[in-house]
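# Working through the structure, step by step
Listed below are the residues making up each chain.
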Amino acid sequence: MTYRYSDLFHRNKQNPILTAGDWPYPVNSVFNPAAVLLKDGTTLLLCRVEDRRGHSHFCAARSANGIDSWKIDDKPTMLADPEHYPEEHWGIEDPRITYVPELNKYAIVYTAYSRDGPGVALAFTEDFVNFERLGVIMPPEDKDAALLPCRIDGQWAVIHRPVSAPRAHMWISFSPDLQNWGGHKMMMEARRGAWWDANKIGLSPPPIETSQGWLVIYHGVRQTAAGCLYRLGLALFDFDHPEICLRRGDEWVFGPQEPYEQHGDVGNVVFPCGLTVAADGDTVNLYYGAADTSIALAIGSINSMLQWLEQQSRKQAIIA
Ligand code: BMA
């Protein structure tokens, strides 16, 4: 009998589901999309699109089933605006979308690539046509950020990943008004040494609200002699105190293994910035950038991820 790790995510057979060749205007690559289910059931991906200067902008792709027949905006949906927002000098990257019921708006938290490095910026939209920018909320060097959909004890909360070279951990910060941020707390530390998530980790899609707490899919960056390996792991955080980690898996659950994930502009990268949860409240469509070149889809289940985290805790208790 051969022992195999169980797969928590199953790749769609049509992967990659979106590539530069699908775009209605010339682009180098499309990757790292934010995802949201609109009220009419349409899946909207806000894709990071890189041009041949190396600068990125966002472009929306919409599909009724979230898999194929994408309708892509015929021009960029959200461009960097360095004239008014100098911190967007070298483009905008890696959006994460959260629907905020209290405001009846979508929050887009993204990387603004400034002359001083990447920082975290916030914008709101109601229709993915007009965008209201609030500017940079976390100065460089910081990225991998998303807003929680509700206030925590009266405060808005943003998860982000400041760099304190050579290491980078996940932090959470709070704000009464979405403009002034403080109460910074470390949420989860990168491990050290041989671990798959040693030295550098970051939030991937926005956290999933579950009955057990915030379920977080995060990425770990393993540095090897052949370059970096971007893989995904799971952790669970307390709902009312999201800085408290309740569970953290030891093993990665998804990593580059298909040719479109291993080869591209940056090989060996799977990098999701968004997911949608189906009407059953369990099935997850995870949308990820593959090798910084195309967009792919993998299907998971919230219950299976929570069960897996429970099994990992039991294993950790036996080892300890
Ligand atoms: C990270 C981010 C992602 C990118 C990944 C691999 O730092 O910049 O946008 O997909 O590197 O290149």
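For the structure, check the block above.
Residues numbered from 1 in each chain as written. Predicted model: local features only at pLDDT ≥ 70, side-chain atom pairs only at ≥ 80, totals over all residues. Heavy atoms only, no water.

This brings us to the packing of aromatic side chains. Applying the stated criterion across every chain yields a total of 10 aromatic pairs. Considering the side-chain rings of Y99 and Y106, the 5.1 Å spacing of their centres and the 55 degrees angle between planes classify their relative orientation as tilted. Assessed through its relative accessible area of 7%, Y106 is described here as buried. Joined through ring pairs, the aromatic side chains of F9, F254 and Y288 make up one cluster. The ring of W195 carries the charged tip of R191 above its face, separated from the ring centre by 4.0 Å. A cation over a ring is seen here: R231 above W252, with NZ or CZ 3.6 Å from the ring centre. (Phe/Tyr/Trp six-rings, centres within 6.5 Å; stacked < 30°, edge-to-face > 60°. Buried < 20%, exposed > 50% of the residue type's maximum accessible area, 1.4 Å probe, protein only. Lys NZ or Arg CZ within 6 Å of the ring centre and 35° of its normal.)

What follows is about the site of the ligand. Close to the ligand lie N32, R48, D94, K143, Y230, V266, V269, F271 and D292, which account for all nearby residues. N32 places a polar side-chain atom, nitrogen or oxygen, 3.0 Å from an oxygen atom of the ligand. Contact distances for the ligand include 2.5 Å between an oxygen atom and a side-chain N or O atom of D94. In the complex, 84% of the free accessible area of the ligand, which totals 310 Å², lies under the protein chains. Here the shell around the ligand is composed, by residue class, of four nonpolar, one polar and four charged. (Near = heavy atom within 4 Å. Polar contact = N/O pair within 3.5 Å; in protein donor to acceptor, adjacent residues only side chain to side chain. Areas by Shrake-Rupley, 256 points an atom, 1.4 Å probe, with all protein chains shown as cover. Nonpolar A, V, L, I, M, F, W, Y, C, P; charged D, E, K, R; others polar.)

Examined against the element boundaries, D292 turns out to sit in the loop between β21 (283-290) and β22 (294-301). Here the alpha-carbon distance between D292 and Y230, two residues 62 residues apart in the chain, equals 11 Å. Setting aside chain neighbours within four positions, we find D292 in contact with S29, F31, N32, D265, V266 and V269. (Helix = DSSP H or I, 4+ residues; strand = E, 2+ residues; numbered from the N terminus. Contact = heavy atoms within 4.5 Å.)

The subject of this paragraph is the pairing of strand β17 (residues 213-224). Burial within β17 is extensive, with nine of its 12 residues counted as buried. Alignment of strand β15 (residues 201-203) against β17, held across three bridges, turns out to be antiparallel. By the bridge assignment, G202 is partnered in β17 with H219. Sheet analysis places strand β16 (residues 208-210) next to β17, joined by three bridges and oriented antiparallel. Note that in β17 the partner of T210 across the bridge is G213. Relative to strand β18 (residues 227-237), β17 is paired through 11 bridges, and the arrangement is antiparallel. The partner of W214 across the bridge, within β18, is F237. Adjacent in sequence and paired antiparallel, β17 and β18 are bridged by two residues. (Pairing = 2+ DSSP bridges.)

Take the sheet that holds strand β9 (residues 131-138) next. The four strands lie next to each other as β6-β7-β8-β9, forming an open sheet whose pairing is antiparallel. At either end of the open sheet lies a strand with only one pairing partner, and these are β6 (92-100) and β9. For this sheet, the mean inter-axis angle between neighbouring strands, taken without regard to orientation, is 25 degrees. (Axes fitted to C-alpha atoms, helices over the stretch in contact; angles between N-to-C directions.)

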